[in-house]
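Structural features, examined
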Amino acid sequence: MVGMLQTAYDGGNAADSLHHAVIGHRSAPLGSWNLPRDRCLSCELIGCFPGSLFPRREVIAGCCRHVWDMLSNGCRLRLALRPCCTLPPGWRLLTVTTLPVQSRKPAVRPWWEEKNYEDGVKWKFLEHRGPYFAPGYEPLPDDVRFLYDGEPMKLSLEAEEVATFYGKMLDHEYTTKEIFQKNFFTDWKTQMSKEEKKTIKQLYKCDFSEIHKYFYDKNEARKALPKEEKQKLKEETNKIQEEYGYCTLDGHREKIGNFKIEPPGLFRGRGDHPKMGMLKLRIRPEDVIINCSKDAKIPEPPPGHKWKEVRFDNAVTWLASWTENIQGSIKYIMLNPSSKLKGEKDWQKYETARRLKSVVTQIRSQYRLDWKSREMKKRQRAVALYFIDKLALRAGNEKEEGETADTVGCCSLRVEHIQLYPEMDGQHYVVEFDFLGKDSIRYYNKVPVEKEVFKNLKRFMENKNPDDDLFDRLNTSNLNKHLQDLMDGLTAKVFRTYNASITLQDQLKALTNEEDNVAAKILSYNRANRAVALLCNHQRALPKTFEKSMQNLQAKIDAKELQVKEAKKELKKAKADHKAKNLDRTKKEMEKKKKQRERLEEQLMKLKLQATDKEENKQVALGTSKLNYLDPRITVAWCKKYGVPIEKIYNKTQREKFAWAIDMTNEDFEF
DNA sequence: ACGATGACTTGTGGAAATACGG
DNA sequence: CCGTATTTCCACAAGTCATCGT
């Protein structure tokens, strides 16, 4: 794979530039060479401090754009200087060509190492303060009572704490569910003293209402606090954020994503979760593993406590971890998406998706052939891949029964999840999908498919029960193995990323109108975004206040229309007045009215666009695709091309997360 | 081959912050 | 300035996928 990257570069010292590209205060030799595995080339090239992957624009104008493309490990590069007619005199073009990658994969990628850079600056180094623990349990005041069978009962501290978890949730739907109640009660009993266990036999005889009221009032009181008090509380959280919320990586201060340990509580599984209501235990320092550099200052555990373990594993990216007691899975403390480490991975993800673009036609014709394969396994794989590609379905790992809610993805689809219709609404070979996907979100879709697919599905379903696997010879593991053979780094989820991003790009091309004003362009963007969200099934329930707020908006539009009418009338009057008197004053008046009319009309237009957008968006959630599936460079390029300020599309957090893309993309970026 | 485990990404709901209209 | 609507942020659950031991 050879990519051509170009950077404008002021040749500076002519003699030097024959052999070296001197940028900033460092130089790189011309010619071909390997990119060192553990060094960040971009820094040397542009002369910002070691380890920074977000080179500052001001270091040297115009040269930051492509450095990201040079960063893959083991990548081979060629640097050369050429004159270029589009540059000012004296400038040369620094061309950077990526040559075919030699070793495909480095064994284990170290995220940091103990190293001193030439000038004594420490980098590749991880140091942090450790996690922030949830505050301990504060017993209820004596006047807040728990009643059993109508009788007040003072609970032991342990039992009381768990009771408050339930009491707090009393107005939540969860507490009406039988499984939730059952799980809660079972786990609550484990925290009770012998006597309590003897007394408390039935959940329905428990009265948590005073506890509920206590916490409700407490919450209200907090909301009603005077301004200064609120400010004080805020400052305290800021202090905690300052102390625990950042770490040092590669000599840079990086924001941590979730530096707080999850507090104890009742497990809130989604959908029909068999474990909902179970007690999520309090995590102590003795449960926590710390990960940092060997020569970093090891974080202090809270007084009187010890860490479970301190390790120095630079092949992983987490800072701390613990095992959670509901599913027995590990929870991690990791960096914020704005960090260099996460940003680089994000960028890699989209680069993989872009590589798929160049082979996807080939892959598609391959799976079409495989529909006719003699091997059943191959056929199933080919049909599943077709769904993953066409419908952007998730891979669908198998799940342990009874441990989680019953949800499926592509490979785990069961016979009961699809219906075949040889003909429906004038279309042939329609497949109706109806199943619960991730987070128990329903996927419902009627899709006309190719005849071969239809025939295959029919065969896969023969002699099977509704709860049998549709693709009985297939799982995600062997599907992904196959995909890996088709393209390095290809897995099922890459199709989702690829199809989402390419859809955005195509839709933007189709929908954007150069002459439109900014508001209309944003509507076009949202429409393109919406097409992706629809593809990925990112639905949302109709917001509760939707009807009301829609009415409000309509009322505003009506009012504005009236204003416009009024303004028009006034303008007419002013015009007539000016015609009659022809004075400076009347002229000014007329122009003022004219401006006013224009302003109002623009406002009206904006409101109308807003209404359209809102209406079309009522059942669709745009956030997930924007954050996880759409290559931000497409958006940045679009914004630049059509003069839409990036702030109109990405809010502050999003701009931080996509800093890498904002920095390196120009308007002709193609996904 | 296969199941368990570990690490990491993706997804939703609700709280907190902010914008907005009166 | 206040109360409400909307947006943003955060917590944490639920996926994907690679690797490892048997």
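Before reading further, recall that the structure is shown in the block above.
Heads up: these notes are all about the structure in this document. Since the model is a prediction, treat every value here as computed from it, not as a measurement. (Residues numbered from 1 in each chain as written. Chains lettered and ligands numbered in written order. Predicted model: local features only at pLDDT ≥ 70, side-chain atom pairs only at ≥ 80, totals over all residues. Heavy atoms only, no water.)

**A closer look at the pattern of salt bridges**
Counted by the stated rule, this structure contains 29 salt bridges. Among the salt bridges present, the one from Arg-282 reaches Glu-161, with a minimum N-O distance of 2.9 Å. Note that Arg-282 is positioned in the loop between β16 (279–280) and β17 (289–291) and Glu-161 in helix α3 (residues 157–168), a separation of 121 residues in sequence. Judged by relative accessible area, which is 15%, Glu-161 ranks as buried. A salt bridge links Lys-331 to Glu-262; the shortest N-O distance between them is 3.2 Å. Of this pair, Lys-331 sits in strand β20 (residues 330–333) while Glu-262 sits in the loop between β14 (252–255) and β15 (265–266); the two residues are 69 residues apart in sequence, bridging distant segments of the chain. We classify Lys-331 as partly exposed; its relative accessible area is 27%. The structure contains a network of salt bridges with shared partners spanning Glu-351, Arg-354, Asp-631 and Arg-633. (Salt bridge = Lys/Arg side-chain N within 4 Å of Asp/Glu carboxyl O. Helix = DSSP H or I, 4+ residues; strand = E, 2+ residues; numbered from the N terminus. Buried < 20%, exposed > 50% of the residue type's maximum accessible area, 1.4 Å probe, protein only.)

**Let's talk about the packing of helix α12 (residues 492–511) against helix α17 (residues 632–642)**
Two numbers describe how α12 lies on α17: the axes approach to 9 Å, and their chain directions differ by 15°. The orientation of α12 relative to α17 falls into the category roughly parallel. As for the relative orientation of α12 and α17, their crossing is right-handed in sense. Contacts between α12 and α17 involve Ser-501, Leu-504, Gln-505 and Leu-508 on the former and, on the latter, Ile-634, Thr-635 and Trp-638. Across the contact of α12 with α17, the residue classes break down as four nonpolar, three polar and no charged. (Axes fitted to C-alpha atoms, helices over the stretch in contact; angles between N-to-C directions. Parallel < 35°, antiparallel > 145°, perpendicular 65-115°, else oblique. Left-handed = near helix turned anticlockwise from the far one by under 90°. Contact = heavy atoms within 4.5 Å. Nonpolar A, V, L, I, M, F, W, Y, C, P; charged D, E, K, R; others polar.)

**Considering the sheet that holds β17**
Taken in spatial order, the four strands of this open sheet run β18-β17-β19-β20, and their pairing is mixed. Edge positions in the sheet fall to β18 (309–311) and β20, since each of these pairs with one other strand and no more. Across this sheet, the average inter-strand angle for adjacent strands is 20°, counted without regard to direction. By the bridge criterion, two bridges tie β17 to strand β19 (residues 320–323) in an arrangement that is antiparallel. The partner of Ile-290 across the bridge, within β19, is Ala-320. (Pairing = 2+ DSSP bridges.)

**Some words on helix α11 (residues 476–486)**
Within α11, the full set of buried residues consists of Thr-476, Leu-479, His-482 and Leu-483. Here the buried residues of α11 occupy an arc of 130° about the axis, which is enough to place them on one side. Along α11, exposed side chains directed more than 90 degrees from the buried face belong to Lys-481 and Asp-485. Buried residues along α11 sit against α9 (376–391) and α12. In this structure Asn-475 caps α11, since a side-chain oxygen of it lies 3.0 Å from the backbone nitrogen of Ser-477. (Arc of directions from axis to C-beta. Polar contact = N/O pair within 3.5 Å; in protein donor to acceptor, adjacent residues only side chain to side chain.)

Any functional reading would require information beyond the geometric quantities listed.
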